[in-house]
Number of protein chains: 2
Amino acid sequence: MAPASAAKADTSETASYLAGDIEPFYGVRQGGILTPVQRHSYFAAFDLETAKRDDVITMLRSWTAACAALTRGEPAPSPAGYATEDSADTLGLGPSRLTVTFGFGAGLFVKDGKDRYGLGAAQPEALIDLPRFPGDQLIEARSGGDLSVQACADDPQIAFHAIRRLAALGWGTARLRWAQTGYLPDTKPGETPRNLLGFKDGTSNPGGEAALAEFVFVGDDGPAWMRGGSYVVARRILVALEHWDRLPANIQEQTVGRHRASGAPLGKTNEFDAVDLAATDRDGNPAVPLNSHVRLANAGSNDGARILRRPYSYNDGVGYTAERWPPWRQSVEYDAGLFFVCYQRDPREGFMKIFSKLAKFDRLNQFTTHTGGGLFACPGGAAPGEYIGEKLFDT
Amino acid sequence: MAPASAAKADTSETASYLAGDIEPFYGVRQGGILTPVQRHSYFAAFDLETAKRDDVITMLRSWTAACAALTRGEPAPSPAGYATEDSADTLGLGPSRLTVTFGFGAGLFVKDGKDRYGLGAAQPEALIDLPRFPGDQLIEARSGGDLSVQACADDPQIAFHAIRRLAALGWGTARLRWAQTGYLPDTKPGETPRNLLGFKDGTSNPGGEAALAEFVFVGDDGPAWMRGGSYVVARRILVALEHWDRLPANIQEQTVGRHRASGAPLGKTNEFDAVDLAATDRDGNPAVPLNSHVRLANAGSNDGARILRRPYSYNDGVGYTAERWPPWRQSVEYDAGLFFVCYQRDPREGFMKIFSKLAKFDRLNQFTTHTGGGLFACPGGAAPGEYIGEKLFDT
């Protein structure tokens, strides 16, 4: 009933948090891409239900203001006339390194053949419709969307809170389409987290400004509003953990192409040793098997293509799906696996190139099923006073 | 392929963890009941698919040995002839205060009229079939089970790992029926965590040995194998957060019966102030409304009945369920809420008594739907050398 005084009460604790708990919201690039990975993620896709361009702008303005506050550990401001103040589920928790990363789906530009907001001409060529890859089992209700919003934080309640607040602010303009939680284990600082397969995940990401400019962020080649932006591909990947857990470690390692304990490529010693595609074992066979995940995903197998991976594990309990191979039991299996998130300068040169090969040949495919996801254009970050994506609407 | 050497490698880091990260597995009472609440939970229910009593015993033996190791941060031993060593997803993470709490459902004793394992005569009277309460929408596939296993840890990967390992060890004997993840925010030590409603949850739990003996743990009144044990009721409670978030704080407070920020009962100042059912406001109305959650759940409204609550929040993304009230939008809503877990000496005197009243009158019911859960008899803890539930099988 009294947003102003509630805001005051809620912010009084902010000062006691370390600056390291706050990730900047404003900047040339959006947070949540290069940000050291947080422990929890809530990825939400929205469909726009308004016909008015101004409604979208108003919502993006309110979302920007909300995120600027939430990332500082402050309550999101309520719009004029809104009945209630911020919810209290995160009272006293602090910013928890919250980042919120926004993306625009193809539906923002043209949907069902209709240019709803006068943005059709601004759709980047790189914002394609991803083809159906071999093995894809994408569930419509878990895929696509006009907008993507990923909240990442070290506390799951903080991440979910941000989306709850944005969804409330977007009432009547945007409607939640799908959402996916994700988490990472509490790995020691500087170590690469392990996924549910038991392997370190995210070892060979591009780093350094030259590689980031080449592989991750849009430069002068893209539309002006995408400068400093990136394209995100999300995929919800069910992993048949029951089967995986029954494999001896050496079979798992042949499948992935890395040593399980160290994370080193097969035949190497250290996690960050380069994958040597030419190396052979004593018998003259490739040290990294031809159909192993790491070999097929490697830049050397894909004309140099690279992507920035930022994956989370997901765990939605159990599902009731088909069996993989006999002998197997009835229809219950873990609904858990990998919520794969990757960033790239151009999805045609990144995810599409790499995954086209993986979808066909990766030995890991017998344990994985892609059940949802999407492709979104994440604009460059907003400067203070600007709303997220403002340059798109100003073109 | 070499469990022994893998075990050796995996345990080498154990010593570097603080003793405080290890919760004891063996003891008069099972862990995970009085244990200071961990940040993550994975609750699994299993159905037994063997006809042989010895298979159940063999599995419980292997589960006991596995939990004794896992709670120390060591890999679970593999049974003879099992093809693979422990999975590697928790390598380097430490024990993370893991507890594993076992419960026996009515189906272990008699199922479909059949006493499968010769235990029918040992079924405690307190292990009843819970009635259908007003408003219950329990989904069969999310309810019941012959056995319950709840893993709690400060790391979600550690909790899930324990269940994956137990499920693998139980292969052919027990089959996963349903599972539910849960989490709590990273609340400051000593503070009561807030649930997704934004209210502190778990404030007025029984404490002290006298109250624990009266309300939580079975004494001489139960069968000998239940001494030191307790009955757990789990309920998966969907909360209509979209509606809740639109309420002004004072309406939320009238619904719950507590102040949102402090957690104090309405009309009081401090979280741990007793709920005063006789207190009135200036107009002579009850300070704690007649249909508020806290009033109806209070011991004073239920012939002194009390339970030990150990709730987690859950977040399974979105669901596609019916609307609550107009005006409301299409069919997507958060599939999130409360995974309510409570312990009591006798469910007929605990959950049943309290929830019979809540289910009828609680104003909070318009925001909640119970969609799954179960009742299980958690035996007393195992002594070293004993397997969990051994006293039941020895009777």
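In this text, all values refer to a predicted model and were calculated from it rather than measured experimentally. (Residues numbered from 1 in each chain as written. Chains lettered and ligands numbered in written order. Predicted model: local features only at pLDDT ≥ 70, side-chain atom pairs only at ≥ 80, totals over all residues.)

> Help me understand the overall build of chain A, please; the structure alone is not making it clear to me.
Per the secondary structure count, chain A includes 10 helices and 9 strands. Since a compact globule built from 395 residues should have a radius of gyration of about 21 Å, the 22 Å found for chain A is in line with a globular shape. Summarising its shape, the C-alpha atoms of chain A cover approximately 75 × 45 × 45 Å along the three principal directions. Counting all 395 residues of chain A, 53% fall into the buried class. (Helix = DSSP H or I, 4+ residues; strand = E, 2+ residues; numbered from the N terminus. Rg over C-alpha atoms; globule rule 2.2 N^0.38 Å. Buried ≥ 20, exposed ≤ 12 C-beta atoms within 10 Å, placed from the backbone.)

> Teacher, can you tell me more about the interface of chain B and chain A here?
Many descriptions give the size of an interface as the accessible area lost when the pieces come together. The interface is formed by 49 residues belonging to chain B together with 49 residues belonging to chain A. At the level of elements, helix H4 (156–169), strand S4 (174–183), helix H7 (249–256) and strand S7 (312–320) of chain B are the ones that each hand at least two residues to the side of chain B that touches chain A. In terms of residue count, the dominant contributor to the side of chain B that touches chain A is S4 of chain B (8 residues). When its residues are assigned to classes, the side of chain B that touches chain A shows 24 nonpolar, 11 polar and 14 charged. (Contact = placed C-beta atoms within 7 Å. Nonpolar A, V, L, I, M, F, W, Y, C, P; charged D, E, K, R; others polar.)

> So what exactly am I meant to see when it comes to helix H4 (residues 156–169) of chain A here?
Residues separated by three or four positions in an α-helix point in the same direction, a consequence of the helix having 3.6 residues per turn. Its 14 residues give H4 of chain A an end-to-end C-alpha distance of 20 Å, which sits within 8% of 20 Å, the value for a rise of 1.5 Å per residue. For H4 of chain A, a buried count of 14 out of 14 residues is recorded, marking the element as mostly surrounded by other parts of the structure. (Expected span 1.5 Å × (residues − 1).)

> So what exactly am I meant to see when it comes to unusual backbone geometry here?
Most peptide bonds adopt trans geometry, and most residues besides glycine take a negative phi value. Residue and element names in this part refer to chain A. Even without glycine at this site, Asp 303 takes up a positive phi of about 55 degrees. Positionally, Asp 303 belongs in the loop between helix H8 (293–297) and strand S6 (308–309). Residue Asp 303 is classed as exposed on the basis of its C-beta count, with 9 C-beta atoms lying within 10 Å.

> Would you mind going over the confidence of the model for chain A with me for this structure?
Low-pLDDT stretches of the model should not have their predicted coordinates read in fine detail. Residue and element names in this part refer to chain A. Mean pLDDT for chain A: 91, with 91% of residues reaching 70 or above. Ignoring residues within four places in sequence, the model shows residues 1–16, a span with pLDDT below 50, making 21 contacts including any to other chains. As a predicted assembly, this complex carries a pTM of 0.93 together with an ipTM value of 0.92. (pLDDT = per-residue confidence, 0-100.)

> Looking at this model, I keep getting lost on the packing of helix H2 (residues 53–70) of chain B against H4 of chain B. Mind explaining?
A pair of packed helices can be characterised by two numbers: the angle between their axes and the separation between those axes. Residues and elements named next belong to chain B. Close contact between H2 and H4 brings their axes to 10 Å; oriented N to C, the two are set at 155 degrees. The angle between the axes of H2 and H4 places the two elements in the roughly antiparallel class. Classified by chirality, the crossing of H4 by H2 is right-handed. Taking contact as the criterion, the partners of Met 59, Ser 62, Trp 63, Ala 66 and Leu 70 in H2 are, on H4, Ala 162, Arg 165, Leu 166 and Leu 169. (Axes fitted to C-alpha atoms, helices over the stretch in contact; angles between N-to-C directions. Parallel < 35°, antiparallel > 145°, perpendicular 65-115°, else oblique. Left-handed = near helix turned anticlockwise from the far one by under 90°.)

> Is there a simple way to think about the environment of Leu 98 of chain A in this case?
Residues and elements named next belong to chain A. Among the secondary structure elements, Leu 98 is positioned in the loop between helix H2 (53–70) and strand S2 (99–104). The exposure class of Leu 98 is buried, given the 31 C-beta atoms found within 10 Å. Considered as a pair, Leu 98 and Phe 25 are 73 residues apart in the sequence and their alpha carbons are 8.8 Å apart. The contact partners of Leu 98, leaving out residues within four places of it in the chain, are Glu 23, Leu 70, Thr 71, Ala 151, Ala 153, Ile 158, Ala 159 and Ala 162.

> What is the right way to look at the relation of the copies chain B and chain A in this model?
One chain copy maps onto the other through a rotation about an axis and a shift parallel to that axis. The two copies are related by a screw motion: chain B maps onto chain A through a turn of 180 degrees and a shift of 0.0 Å along the axis, at an RMSD of 0.0 Å. Seen this way, the second copy is the image of the first under a two-fold rotation axis. Residue Asp 316 of chain B, judged by its C-alpha, is the member of chain B lying nearest the rotation axis, at 2.9 Å. Here 100% of the interface residues in chain B have copies in chain A that are interface residues too; the copies meet face to matching face. (Least-squares fit on C-alpha atoms with pLDDT ≥ 70 in both.)

> Can you help me understand the environment of His 161 of chain A in this one?
Along the polypeptide, His 161 of chain A turns up in helix H4. Each residue touching His 161 of chain A, except ones within four places of it in the same chain, is listed here: Ser 87, Asp 89 and Thr 90 of chain A.

> Just checking my understanding: could you explain the nonpolar core for this structure?
If you look at the biggest cluster of nonpolar residues, it comprises 208 residues, and the most contacted ones within it are Ala 151, Ile 163 and Val 239 of chain A together with Ala 151, Ile 163 and Val 239 of chain B. Excluding its chain neighbours within four sequence positions, the residues that come into contact with Ile 163 of chain A are Tyr 42, Ala 44, Val 149, Ala 151 and Ala 179 of chain A. (Core = buried A, V, L, I, M, F, W, Y, C linked by C-beta atoms within 7 Å.)

> I'm lost on the environment of Arg 142 of chain B in this one. Help?
Residues and elements named next belong to chain B. Mapping Arg 142 onto the fold places it in the loop between helix H3 (106–109) and strand S3 (147–153). Taking C-alpha positions, Arg 142 is 31 Å from Gly 219, a pair spaced 77 residues apart along the chain. Excluding residues that lie within four positions of it along the chain, Arg 142 makes contacts with Trp 178, Arg 236, Thr 371 and Gly 372.

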